[in-house]
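For reference, the chains in residue letters:
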Amino acid sequence: MPIPLPPGAPADVIPLPAADLLTHPNGPLANPERLVGDTWLTPAIKRALLLLDQADPRALAAGSHTGPGHTMLLLAPPRDGHPAWYLRLPDGTTAEPRPATRTTAVLPLAGPLNLALYRDQDDSPQYLRTLHPGQLCLLHAGATTLLTAAPDTVQLVLTHLPDTAPDLRPLSPTDYRAAAATAHFRLTAPRRDDDRPGLLLDDIPDLHTADLPRIHAQAGALHRLDADRTHLTYLATTTILSPDRYEASRTTLLADRLVLATAHDHGYEIRLNTRHHPANQRLPHNHAHPFTTRVLAGGYLHTVSLRTDDRADGPFTTRQLHPAVTTTELPGSTYTLAPTLVHQAAMLPDSTTLVLRGPSTAAAHSATDLTPPISTRPAPAADEVPPYSRPMTDDEHHGLYRYLADTGVICLPPRR
């Protein structure tokens, strides 16, 4: 069910996605096919521009505000179950991490938006990412986050409740007119794509003692591999020739993983995660290591949760989780996650991600009250208990190469 448009919207305007996430923010992951995509972006920009043209500053200024790091410009107040529409304009001033006072959907319309998630305001970031236009981000009430962006960016914010933080100042009608003119300019200005090639694999430093921001900074290496599919193809198809990479490539409970590069002396590994097992992706789990991932194909609905048992590691149940951030992941999406956080994904078919895995710092766990059926584990040899993971066979390697070629991830000669 889509998010309703603001009052007065014509029936032929495409509605925004994810009303079920705003209405039931702590419920199960929704069907990703209804949410993962960017078809809403152009209609949303057109609707925002029309609302800006129709806005009455005398009526909307009091519901708008400026605060540390941003201005929130009210376009349409909440009414009859419809959420309020705001435009968020970063202004270059300093902001600090703060707990969300209400659940909000944040949708970048122009320019990238940087998001950091914290366990508390005194903590270091545990989840880092950049959101681009077309991606949905749901910030759940209570999550401590920091949103930063270049001054020329614009985000659409949907919420049913106003922000009540004490350091917010209402806008005057004059302030509203000035902010509306700025928003209109930013939404109509031409954009240039960032075509920087990113890091070479040899440029990645030793990550054994790296903090999460330093690991996140290596995402450029994934960007370069994404952009250079010939080199990606070479790394993928030579895995079978490398004993270390061959042994580390496995079929697992969650997906098949193909190791492209290992640097044990520098504490990292780069792999492709592909042929996901959709049901098990929804299983809440953490990883033993921090990692950065980039989506190459497909996409998914992704929820990152905080533990409520005051522990950073060890077993947990779903009752000890509080959703913090939900996003739609599209090709090109990149984020970095610490082992202290739990995540789950509802995958589209034929999704593949490129992962830079840092050094192990914890133990991996999944929710103990949700046990995947044995039938979803990798098929074992005869008379063996199905394992959670095992090495791939030669035939499975070659089959995986063809699958990656058929889904457009790597480039192989066509079949004869």
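Our structure is the block above this text.
Let me begin by describing the structure that accompanies this report. Keep in mind it's a predicted model, so treat the numbers as computed, not measured.

Time to look at the environment of A76. With respect to the helices and strands, A76 occurs in strand β2 (residues 70-76). What makes A76 buried here is its relative accessible area of 5%. Each C-alpha atom of the pair A76 and L52 lies 9.7 Å from the other, and the pair is 24 residues apart in sequence.

Let's shift gears to the pairing of strand β7 (residues 127-131). Within β7, five of the five residues are buried, leaving the element largely enclosed by the surrounding structure. By the alternation rule, side chains of β7 split into Y127, R129 and L131 and L128 and T130, which are all buried. Examined bridge by bridge, strand β6 (residues 113-118) and β7 share five bridges and lie antiparallel to one another. Following the sheet pairing, L117 is matched in β7 by Y127. In terms of strand pairing, β7 meets strand β18 (residues 334-337) through four bridges, oriented antiparallel. Paired with L128 across the two strands is T336, which belongs to β18.

Below, the discussion takes up the sheet that holds strand β14 (residues 268-274). In spatial order, the strands read β4-β9-β6-β7-β18-β15-β20-β14-β13-β12-β21; together these eleven strands make up an open sheet with antiparallel pairing. Strand pairing shows two members of the sheet lacking a second neighbour, β4 (98-99) and β21 (389-391), which therefore form its edges. Taken strand by strand, helix α8 (residues 229-237) contacts β13 (256-263), β15 (291-297) and β20 (352-357), and its axis lies near 100° from that of β13.

Okay, the packing of helix α3 (residues 41-54) against helix α5 (residues 173-188) next. Between α3 and α5, the least distance of the axes is 10 Å, while the angle of their chain directions is 150°. Taken as axis vectors, α3 and α5 run roughly antiparallel relative to one another. The interaxial crossing formed by α3 with α5 has left-handed handedness. When α3 is examined against α5, the residues I45, A48, L49, L52 and D53 are found in contact with a partner set consisting of A180, A183, H184, L187 and T188.

What follows concerns the pairing of β20. β20 sits mainly inside the fold: six of its six residues count as buried. Burial along β20 is two-sided: the face carrying T352, L354 and L356 and the face carrying T353, V355 and R357 are both buried. Bridge analysis of β14 against β20 gives five bridges, and the strand direction is antiparallel. Bridged to L272 within β20 is L354. Here β15 pairs with β20 via six bridges, running antiparallel. By the bridge assignment, F291 is partnered in β20 with R357.

Time to look at the sheet that holds strand β11 (residues 169-170). Across the sheet, ten strands lie side by side as β11-β1-β2-β3-β10-β5-β8-β17-β16-β19; this open sheet has antiparallel pairing. Looking at the sheet topology across the chains shown, the edges are occupied by β11 and β19 (342-347). Sheet analysis places strand β5 (residues 104-110) next to strand β8 (residues 137-139), joined by three bridges and oriented antiparallel. Each bridged residue has a counterpart across the sheet, and for T104 the counterpart in β8 is L139. Contacts between α5 and the sheet are confined to β2, β3 (84-90), β5, β10 (154-159) and β11, with β2 contributing the most and set at about 90° to the helix.

Let us look at the nonpolar core. Formed by 61 residues in total, the largest nonpolar core has its most connected members in L52, L73, L87, L109, L117, Y127 and L187. It is α3 that provides the largest number of residues to this core, a total of seven residues. Setting aside chain neighbours within four positions, we find L187 in contact with I45, A48, L49, L52, L87, L109, A110 and V154. Ranked by size, the runner-up nonpolar core spans 30 residues in total, among them L235, L296, M392 and V409.

The next subject is α5. A rise of 1.5 Å per residue sets the reference length of α5, with its 16 residues, at 22 Å; its end C-alpha atoms lie 23 Å apart and thus fit the reference within 8%. Considered for burial, the residues of α5 that qualify are Y176, A179, A180, A183, R186 and L187. Summarising the axial view, the buried residues of α5 lie within an arc of 130°, below the 170-degree limit, and thus occupy one face. Within α5, the exposed residues directed more than 90 degrees away from the buried face are T174 and F185. Against α3, α4 (57-60), β2, β3, β5 and β10 lie the buried residues of α5.

Quick notes on the rules
- Residues numbered from 1 in each chain as written.
- Predicted model: local features only at pLDDT ≥ 70, side-chain atom pairs only at ≥ 80, totals over all residues.
- Heavy atoms only, no water.
- Helix = DSSP H or I, 4+ residues; strand = E, 2+ residues; numbered from the N terminus.
- Buried < 20%, exposed > 50% of the residue type's maximum accessible area, 1.4 Å probe, protein only.
- Pairing = 2+ DSSP bridges.
- Contact = heavy atoms within 4.5 Å.
- Axes fitted to C-alpha atoms, helices over the stretch in contact; angles between N-to-C directions.
- Parallel < 35°, antiparallel > 145°, perpendicular 65-115°, else oblique.
- Left-handed = near helix turned anticlockwise from the far one by under 90°.
- Core = buried A, V, L, I, M, F, W, Y, C linked by side-chain atoms within 4.5 Å.
- Expected span 1.5 Å × (residues − 1).
- Arc of directions from axis to C-beta.

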